[in-house]
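Listed below, chain by chain, are the residues.
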Amino acid sequence: MSTPTHNHRNHPPASVTVLGLGPMGRALAGAFLDAGLTTTVFNRTPGRDADLLARGAHSAASAREAVAASALTVVCVVNYDASDALLRDEEVTAALKGRTVVNLSADTPARARDTADWAERHGIRYLDGAIMTPAPSIGTPDAVFLHSGPSAVYEEHRPVLAALGGTHTHLGEDPGRAAAFDVALLDVFWTAMAGYAHALAVARAEGITGRELAPFAQGIAAILPPLFEEFAQNADDGTYSGEINPITSAASTMAHVVHASEEHGIDASVMRAIEGQARRVIGLGHGGDGFIRVAELLSRR
């Protein structure tokens, strides 16, 4: 990284700027205020800072003014198109030189690395990050934050970031690592939510209410954590054991879901795709392996 040129002694460490005041950004700023930090806020759409100003936050008239107020700027907007629009403004970029940006916006690992490269070219110290829990968790022990980028920068600002509560994990020097974890974990979450939405539709078609199904769905969910651990080891080791439930058996149960769904006119395209992946694995001669062999199939070019 470029050598910082800004004299950080002009800005006490107990100050922070937050760019972006959606629900998550307001939660971040609120946690900083609760921790007694001097907090400057800015949002491109005005009017979202009233409650924060009542709690003692300072409102900046522009993004440039906001980033100039603190040695550390935390960004939390919808994606990197939005963060680029803020940070890559010529005046804002100049004001950030020698300061630190922690970008908690969500996007892809490639975008995170590109932003880190941009920051380095402009003498801006940069950490990428991901928030893995919803806004109400911020400032509580339940919050989970992932960070990646230069470890020295992370260690310098960790006391301020700790005001956000919960756990903070530095995943390494590669600035794309936090986004990579985020994308992979969101894949788990939204795939599971899609499956649950489909299950509710099938259950309703069979006269089962969501409330009736929910306790049993929670039982299914409770099975998953140890399977995640086991399947992770299988995938890393390339063992893919199917001793308990071979993929041939799994494909059969997937077909049941497809048929039951389509009998009621319910779209079963997602389960058809999953069944298709399973049957491709079987066709490649791995019918005795477990379902997680599909991960290897998906990685084929």
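Structure report, in brief. (Residues numbered from 1 in each chain as written. Predicted model: local features only at pLDDT ≥ 70, side-chain atom pairs only at ≥ 80, totals over all residues. Heavy atoms only, no water.)

## What to know about the sheet that holds strand β7 (residues 144-148)
Spatially, β3-β2-β1-β4-β5-β6-β7-β8 is the arrangement adopted by the eight strands of the open sheet, whose pairing is mixed. Of all the strands in the sheet, the pair left with one neighbour each is β3 (58-59) and β8 (167-170). Sheet topology note: the strand β5 (residues 100-103)/strand β6 (residues 125-131) ladder contains four bridges and is parallel. The residue of β6 that forms the bridge with V101 is Y126. (Pairing = 2+ DSSP bridges. Helix = DSSP H or I, 4+ residues; strand = E, 2+ residues; numbered from the N terminus.)

## Quick notes on empty space enclosed by the protein
Taken as a whole, this structure holds two cavities of 30 Å³ or more when the rule is applied. By volume, the largest cavity amounts to about 40 Å³. Taken together, V281, L284, H286, R293, E296, L297 and R300 make up the full set of residues lining the largest cavity. In terms of residue class, the lining of the largest cavity is built from three nonpolar, one polar and three charged. Within this model, the second largest cavity holds a volume of roughly 30 Å³. Lining the second largest cavity, in full, are Y80, S105, A106, D107, D128, G129, A130, A178, A179 and D182. Of all the secondary structure elements, the ones that give two or more residues to the lining of the second largest cavity are β6 and α8 (177-205). (1 Å grid on protein atoms, 1.4 Å probe; cavity = no way out; pocket = protein on both sides within 12 Å on 5 of 7 lines; lining within 4 Å. Points joined across faces, edges and corners; volume = space filled by probe spheres on them. Nonpolar A, V, L, I, M, F, W, Y, C, P; charged D, E, K, R; others polar.)

## Regarding the environment of A61
With respect to the helices and strands, A61 occurs in the loop between β3 and α3 (63-68). Here the alpha-carbon distance between A61 and V41, two residues 20 residues apart in the chain, equals 9.3 Å.

## Things to note about the nonpolar core
Among the nonpolar cores identified, the biggest contains 30 residues, and L28, F32, V74, I131, I138, F145 and L164 are the most heavily contacted of them. Those elements that provide at least two residues to this core are β1 (15-19), α1 (23-34), β4 (72-75), β6 and α7 (151-161). Excluding residues that lie within four positions of it along the chain, F32 makes contacts with V16, V18, L37, T39, V74, V160, A163 and L164. Formed by 22 residues, the second largest nonpolar core is a distinct cluster that contains A63, V77, L87 and Y126. (Core = buried A, V, L, I, M, F, W, Y, C linked by side-chain atoms within 4.5 Å. Buried < 20%, exposed > 50% of the residue type's maximum accessible area, 1.4 Å probe, protein only. Contact = heavy atoms within 4.5 Å.)

## Thoughts on the pairing of β7
Most of β7 sits inside the fold, with four of its five residues counted as buried. In terms of strand pairing, β6 meets β7 through four bridges, oriented antiparallel. In the strand pairing of β7, I131 is matched with F145. In this sheet, β8 lies alongside β7 in parallel orientation, the contact comprising four bridges. Along β8, the bridge assignment pairs V144 with T167. In this fold, the crossover linking β7 to β8 by way of α7 has right-handed handedness. (Right-handed = clockwise from strand over helix to strand, strands pointing away.)

## Re the pairing of β5
Residues T100 and V102 line one face of β5 and the alternating positions V101 and N103 line the opposite face, and both faces are buried. In the sheet, β4 pairs with β5 via four bridges, with the strands oriented parallel. When the bridges of β5 are listed, V74 appears paired with V102.

## Concerning the pattern of salt bridges
Applying the stated criterion to the full structure yields 13 salt bridges. In this structure, the salt-bridge partner of R111 is D81, at a minimum N-O distance of 3.1 Å. Remark: D81 occurs in helix α4 (residues 80-87) and R111 occurs in helix α6 (residues 109-121); sequence separation between them is 30 residues. The class of D81 is exposed, set by a relative accessible area of 52%. R111 serves as the salt-bridge partner of D107, at 4.0 Å between the closest nitrogen and oxygen. (Salt bridge = Lys/Arg side-chain N within 4 Å of Asp/Glu carboxyl O.)

## Let's talk about the packing of helix α10 (residues 247-263) against helix α11 (residues 269-283)
Close contact between α10 and α11 brings their axes to 9 Å; oriented N to C, the two are set at 155 degrees. The orientation of α10 relative to α11 falls into the category roughly antiparallel. In the crossing of α10 with α11, the sense of the turn from one axis to the other is left-handed. Contacts from I247, T248, A251, S252, M254, A255, V257, V258 and E262 in α10 reach M271, R272, I274, E275, A278, R279, V281 and I282 in α11. Residues that form the contact of α10 with α11 fall into these classes: 11 nonpolar, two polar and four charged. (Axes fitted to C-alpha atoms, helices over the stretch in contact; angles between N-to-C directions. Parallel < 35°, antiparallel > 145°, perpendicular 65-115°, else oblique. Left-handed = near helix turned anticlockwise from the far one by under 90°.)

## Quick notes on the side chain of S148
Structurally, S148 is set in strand β7. Overall, the relative accessible area of 0% leaves S148 in the buried class. Among the polar contacts made by the side chain of S148, one reaches the main-chain carbonyl oxygen of D174 at a distance of 3.4 Å. Here the side chain of S148 touches P175 through a polar contact of 2.9 Å, landing on its backbone oxygen. Contacts of S148, omitting those with residues within four sequence positions, involve L127, D128, H170, G172, D174, P175, G176, R177 and A178. (Polar contact = N/O pair within 3.5 Å; in protein donor to acceptor, adjacent residues only side chain to side chain.)

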